[in-house]
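Structural features, examined
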Amino acid sequence: PLLLSPAVVAGLPDTLRTRQKVFDRTGGLHAAGICHADGEPLVVREDVGRHNAVDKVVGWAGREGLLPLTGHVLVVSGRASFELVQKALMAGLPALVAVSAPSSLAVELATEAGLTLVGFARPPRLTVYAGGHRLGL
């Protein structure tokens, strides 16, 4: 079972941000990343749409033969929607961390499916909406 450090999880959006090269130039892209439990990024991709950025990282993992992504965390630069929770679950990801808020449907699905869902992850704080057991809570 995946166990995550709250301090590592709170810092994941900052880790993602350091790898947003196009955002540095334009200021207008979303990012998604798949990280190891220790916070080290496996892959980061950018796109105008946050859903597309998630599709890019999951597609990369599929092409590399890494699915399901048990033991990893999906990190997104925006809010966590119901659809992003669905994509995380389909990829076998046990946790989704977002910079912003999740939707109520995202929280419901994450709770039902046993996904750890974290929002407002900004060091040193984070808000756990579902699956706090993976954070020792």
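Let us look at the structure shown here. (Residues numbered from 1 in each chain as written. Predicted model: local features only at pLDDT ≥ 70, side-chain atom pairs only at ≥ 80, totals over all residues. Heavy atoms only, no water.)

**Details of the overall build of the protein**
- Helix and strand content of the protein: five helices and six strands.
- Mapped in sequence order, the helices and strands of the protein form the string α-α-β-β-α-β-α-β-α-β-β.
- In terms of C-alpha radius of gyration, the protein reaches 13 Å, essentially the compact-globule figure of 14 Å for 137 residues.
- Principal-axis analysis of the C-alpha atoms places the extent of the protein at approximately 40 × 35 × 30 Å.
- Taken over 137 residues, the protein has a buried fraction of 48%.
- Sequence separation of at least 24 residues holds for 42% of the intrachain contacts in the protein that already meet a minimum separation of 6. (Helix = DSSP H or I, 4+ residues; strand = E, 2+ residues; numbered from the N terminus. Rg over C-alpha atoms; globule rule 2.2 N^0.38 Å. Buried < 20%, exposed > 50% of the residue type's maximum accessible area, 1.4 Å probe, protein only. Contact = heavy atoms within 4.5 Å.)

**Focus: the nonpolar core**
- Among the nonpolar cores identified, the biggest contains 27 residues, and Ile-34, Leu-74, Val-76, Val-85, Leu-96 and Leu-117 are the most heavily contacted of them.
- Every element with two or more residues in this core is listed here: β1 (30-36), α3 (50-63), β3 (72-76), α4 (82-90), β4 (95-98) and α5 (104-113).
- Residue contributions to this core peak at six residues, all from α3.
- Once residues within four sequence positions are removed from consideration, Leu-96 is found in contact with Leu-74, Val-76, Ala-80, Leu-84, Val-85, Leu-115, Thr-116, Leu-117 and Val-118.
- Counting residues in each nonpolar core, the second largest holds 15 residues, with Val-9, Leu-12, Ala-95 and Ala-121 among its members. (Core = buried A, V, L, I, M, F, W, Y, C linked by side-chain atoms within 4.5 Å.)

**Regarding the environment of Val-73**
- Mapped onto the elements of the fold, Val-73 is located in strand β3.
- You can call Val-73 buried: its relative accessible area is 1%.
- Between the alpha carbons of Val-73 and Leu-4 there is a distance of 9.3 Å; along the sequence they are 69 residues apart.
- Residue contacts for Val-73: discarding those within four places in its chain leaves Leu-2, Leu-4, Leu-12, Gly-33, Ile-34, Cys-35, Leu-93, Ala-95 and Val-97.

**Observations concerning the packing of α4 against α5**
- Running from amino to carboxyl end, α4 crosses α5 at an angle of 25°, the nearest separation of the two axes being 7 Å. With respect to their mutual orientation, α4 and α5 come out roughly parallel. Considering how the two elements wind past one another, α4 and α5 form a crossing that is right-handed. Together, Phe-82, Val-85, Gln-86 and Leu-89 of α4 and Leu-105, Ala-106, Leu-109, Ala-110 and Ala-113 of α5 make up the contact between the two elements. (Axes fitted to C-alpha atoms, helices over the stretch in contact; angles between N-to-C directions. Parallel < 35°, antiparallel > 145°, perpendicular 65-115°, else oblique. Left-handed = near helix turned anticlockwise from the far one by under 90°.)

**Points about α3**
- Helix length check: α3 (14 residues) gives 20 Å between terminal C-alpha atoms against 20 Å at 1.5 Å per residue, within 8%.
- Contacts from the buried residues of α3 go to β1, β2 (41-47), β3 and α4.
- Taken from the residues just after α3, Gly-65 is the one with a positive phi, measuring 75°. (Expected span 1.5 Å × (residues − 1).)

**A word on the sheet that holds β2**
- Spatially, the six strands line up as an open sheet ordered β2-β1-β3-β4-β5-β6, and their pairing is mixed. Both outer strands of the open sheet, β2 and β6 (125-130), are each paired with one neighbouring strand and no more. Strand-to-strand twist across the sheet, computed as the mean angle between neighbouring axes with direction ignored, equals 20°.
- Docked against the sheet, α4 engages β3, β4 and β5 (116-122), running at close to 155° with respect to β3. (Pairing = 2+ DSSP bridges.)

**Thoughts on the pattern of salt bridges**
- Counted by the stated rule, this structure contains three salt bridges.
- A salt bridge links Asp-55 to Lys-87; its shortest N-O distance comes to 2.7 Å. Note that Asp-55 is positioned in helix α3 and Lys-87 in helix α4, a separation of 32 residues in sequence.
- For Asp-55, a relative accessible area of 39% corresponds to the partly exposed category.
- For Lys-87, a relative accessible area of 24% translates into the label partly exposed.
- The partner of Glu-64 in a salt bridge is Arg-63, and the shortest N-O contact between them spans 3.9 Å. (Salt bridge = Lys/Arg side-chain N within 4 Å of Asp/Glu carboxyl O.)

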